[in-house]
Amino acid sequence: MAELKEIPEWERISAHSHIYGLGLDENGKAKRKADGLVGQIEAREAAGIVVEMIKSGKFAGNAILLAGPPGSGKTALATAIARELGEDVPFVPIAGSEIYSAEVKKTEFLTQALRKAIGVRIREMRKIYEGKVEEIDIEWTQHPYNPYQRIPAGATIKLSTTDEKKKLRMDSTFAMQLVQQGVSVGDVIQIDIERQRLAKLGTTKKSNEYDLSTAHIVEIPEGSIIKEKEFVYTPTLHDLDVVNSRSGVDFFSLFFGSSERKEIDESVRREVDRQVKKWIEDGMAELIPGVLFIDEASMLDIEVFAFLNRAMEQELSPIIIFATNRGITRIRGTDIKSPHGMPLDLLDRLLVITTRKYSADEIRDILLIRAQKEGIDIEDEALSKLVEIGEERSLRYAIQLLTPAWRLAQRRKSETIEKEDIERAFRLFVDVKRSVEYLREMEKEMMVD
Ligand SMILES: Nc1ncnc2c1ncn2[C@@H]1O[C@H](COP(=O)(O)OP(=O)(O)OP(=O)(O)O)[C@@H](O)[C@H]1O
Ligand SMILES: [Mg+2]
């Protein structure tokens, strides 16, 4: 149903737009280069096992830690996991620092994030009419207030499947939808009486080369015109919380409503949990534990860790995937040093996947994939220079230089990036190392009090 999906902030940056999956073969072995991913073989295979565990629902309440140096593909791996899980399994990415900038309390923010990461798959059997439109006859009437306008008052249509034909009389609600959706002879439509909805599924007319319509070609339906059809939706626990906390809001406004973050009453959540349990007992719904991905986990403080530790023990808990690039460091909110800045009792229950620094060949392949994704042409010598920069500075920095270098090449009216463009871009845009050096130099010139 919902084709409209908010693009999460971390993807809007599109640094990982070249990633389509984990690139594993049917035995779960990682191909050296597939689905936009290069190398990092063990981590990808481990992630593949995690995906299987999540999909089989056997892993709820557990947690994973992705640990490795900056730019070694931890966020990339999480993106790939999200792609592999597909549409139906919730994947909620947040950054550790977001928890503090939110306009709600830390625990409220986290509770919402955790509940967004659990889907409730609801199945419903409904009676529908489905068939190809053979004849269509719309009756028009005068608009009650506007004498110059006519509106559909009703319609008669003849539907057919491969097995039968039926003539149907419809009232103005459906006639209006017929007109709005531009239904004509040859189209296949579906009518949901209960919900008063009519949908055009496509057309059986093959378009000729002059037909610029983007109509979707479908087959003539089989069987009888009236059928019982299963409808499946997967709102998250948080979606249900929102619907229940605002009276008068229906399910659809979720997708169009404002995305403001508000506190939700604990009593609403208890009521939703009770309702969902009942649906499950009645065989109407099942729980789909998804993933809460927490990037920059070393930004979390001791209170947040304690909260998450408790959350993982609860009955309804998603899988949590943490990512960190820190080694031994202080746990925020304490004086205690610990691996990755995470408390030992939490670390103890994590499965850890490590990512490693890339070799020059891998950097080359990743840069090529990025260049291709952005429609950028780069000459061999320039690429070698960029690989060198990637090794010396960082992979991320090398990737970021691609676009400015491409601009510079275009300014020279060149069709491809050459070495000089890379060198120019390298001078114009400073990486972190150089910017820190510069600040140190500058400090010497500044006044000290
Ligand atoms: N194995 C890979 N295959 C293809 N692209 C990759 C791979 N690893 C990383 N990248 C790309 O390189 C860039 C940097 O990687 P990423 O952001 O995943 O690093 P990270 O480990 O999350 O770093 P940080 O610790 O700084 O968050 C991204 O654009 C990412 O998509
Ligand atoms: Mg990252």
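Residues numbered from 1 in each chain as written. Chains lettered and ligands numbered in written order. Predicted model: local features only at pLDDT ≥ 70, side-chain atom pairs only at ≥ 80, totals over all residues.

Engineer: Give me the lowdown on the domain arrangement of the protein chain, citing residues and values where you can.
Structural biologist: The figure often quoted for interface size is the accessible area lost as the parts come together. Considered domain by domain, the protein chain is made up of domain 1 (9-117 + 250-354), domain 2 (124-232) and domain 3 (360-437). Summarising the inter-unit geometry, the C-alpha centres of domain 1 and domain 3 are found 32 Å apart. Residue-level contacts link eight residues of domain 1 with nine residues of domain 3. For the side of domain 1 that touches domain 3, the class distribution of residues is two nonpolar, five polar and one charged. (Domains from an automatic or database assignment. Contact = placed C-beta atoms within 7 Å. Nonpolar A, V, L, I, M, F, W, Y, C, P; charged D, E, K, R; others polar.)

Engineer: Residues and numbers for the confidence of the model for the protein chain, please.
Structural biologist: Counting all residues, the mean pLDDT for the protein chain is 86, and 91% of those residues have values of 70 or more. Low pLDDT, under 50, characterises residues 1-13; the predicted model gives this stretch eight contacts beyond four residues in sequence or across chains. Scored below 50 in pLDDT, residues 252-259 makes six contacts in the model with residues more than four places away or belonging to other chains. (pLDDT = per-residue confidence, 0-100.)

Engineer: Hey, could you go over the packing of helix H2 (residues 41-55) against helix H3 (residues 74-85) for me, with residue numbers and the actual values?
Structural biologist: The interhelical angle for the contact between H2 and H3, taken along N-to-C directions, is 35°, at an axis separation of 10 Å. Both H2 and H3 take part in a crossing whose hand is right-handed. Facing Ala43, Arg44, Ala47, Val50, Val51 and Ile54 of H2, the residues of H3 in contact are Leu77, Ala80, Ile81, Glu84 and Leu85. Its residues assigned to classes, the contact of H2 with H3 shows nine nonpolar, no polar and two charged. (Axes fitted to C-alpha atoms, helices over the stretch in contact; angles between N-to-C directions. Helix = DSSP H or I, 4+ residues; strand = E, 2+ residues; numbered from the N terminus. Left-handed = near helix turned anticlockwise from the far one by under 90°.)

Engineer: Tell me about the site of ligand 1, and please be specific about residues and values.
Structural biologist: Lining the immediate surroundings of ligand 1 are 22 residues, of which Gly73, Lys74, Thr75, Ala76 and Asn325 lie closest. Of all the secondary-structure elements, those providing two or more residues to the shell around ligand 1 are strand E2 (37-38), H3, helix H12 (360-373) and helix H14 (395-411). Grouping the amino acids of the shell around ligand 1 by side-chain chemistry returns nine nonpolar, eleven polar and two charged. The residue makeup of the shell around ligand 1 includes at least three contributed by each of domain 1 (9-117 + 250-354) and domain 3 (360-437). (Near = placed C-beta within 6 Å.)

Engineer: Please give an account of helix H13 (residues 380-392) that cites residues and values.
Structural biologist: For H13, spanning 13 residues, the distance from its first C-alpha to its last is 19 Å, which sits close to the expected 18 Å at 1.5 Å a residue. Restricting attention to buried positions, one finds in H13 the residues Ala382, Lys385, Leu386, Val387, Ile389 and Gly390. (Expected span 1.5 Å × (residues − 1). Buried ≥ 20, exposed ≤ 12 C-beta atoms within 10 Å, placed from the backbone.)

Engineer: Kindly report on the pairing of strand E9 (residues 197-203), identifying the contributing residues and their values.
Structural biologist: Across six bridges, the pairing between strand E8 (residues 187-192) and E9 is antiparallel. The residue bridging Asp192 from the neighbouring strand is Arg197, located in E9. Linking E8 to E9, which pair antiparallel, is a turn of four residues; within it Gln196 sits at a positive phi near 55°. (Pairing = 2+ DSSP bridges.)

Engineer: An account of helix H6 (residues 172-180) is needed here, citing residue identities and associated values.
Structural biologist: Listed as buried for H6 are Phe174, Ala175, Gln177 and Leu178. Down the axis of H6, the buried set is contained in an arc of 160°. They therefore lie on one face. Among the exposed residues of H6, those pointing more than 90 degrees away from its buried face are Thr173 and Gln180. Looking at the packing, one finds that the buried side of H6 touches strand E5 (118-142), strand E6 (150-160), strand E7 (165-170), E8 and E9. Positive backbone phi, at 60°, marks Gly182, one or two positions downstream of H6. (Arc of directions from axis to C-beta.)

Engineer: Tell me what's going on with unusual backbone geometry, and back it up with residues and numbers.
Structural biologist: Despite not being glycine, Asp35 has its phi angle at roughly 55°, a positive value. Tracing the chain through its elements places Asp35 in the loop between strand E1 (33-34) and E2. For Asp35, a count of 17 C-beta atoms within 10 Å translates into the label partly exposed.

Engineer: How would you summarise the pairing of E8 if you had to cite specific residues and measurements?
Structural biologist: In terms of strand pairing, E5 meets E8 through five bridges, oriented antiparallel. Across the sheet, the residue bridging to Tyr129 is Ile191, located in E8.

Engineer: Got a sec to walk through the packing of helix H5 (residues 106-116) against helix H7 (residues 237-245)? Specific residues and values, please.
Structural biologist: Look at H5 against H7: their axes get within 6 Å of each other, and the N-to-C directions meet at 115°. Of H7, the residues touching H5 (which contributes Gln112, Arg115 and Lys116) are Leu237, His238 and Asp241. Its residues assigned to classes, the contact of H5 with H7 shows one nonpolar, two polar and three charged.

Engineer: Can you break down the sheet that holds strand E16 (residues 350-354) residue by residue, with the values?
Structural biologist: Strands pair in a sheet through their backbones, by hydrogen bonds, and they do so in one of two ways: parallel or antiparallel. In spatial order, the strands read E4-E12-E13-E3-E16; together these five strands make up an open sheet with parallel pairing. Edge positions in the sheet fall to strand E4 (91-95) and E16, since each has one partner strand and no second. Mean inter-strand twist for the sheet, computed between neighbouring axes without regard to direction, equals 20°. Across five bridges, the pairing between strand E3 (residues 63-67) and E16 is parallel. Bridge assignment links Ala63 to a residue of E16, and that residue is Leu350.

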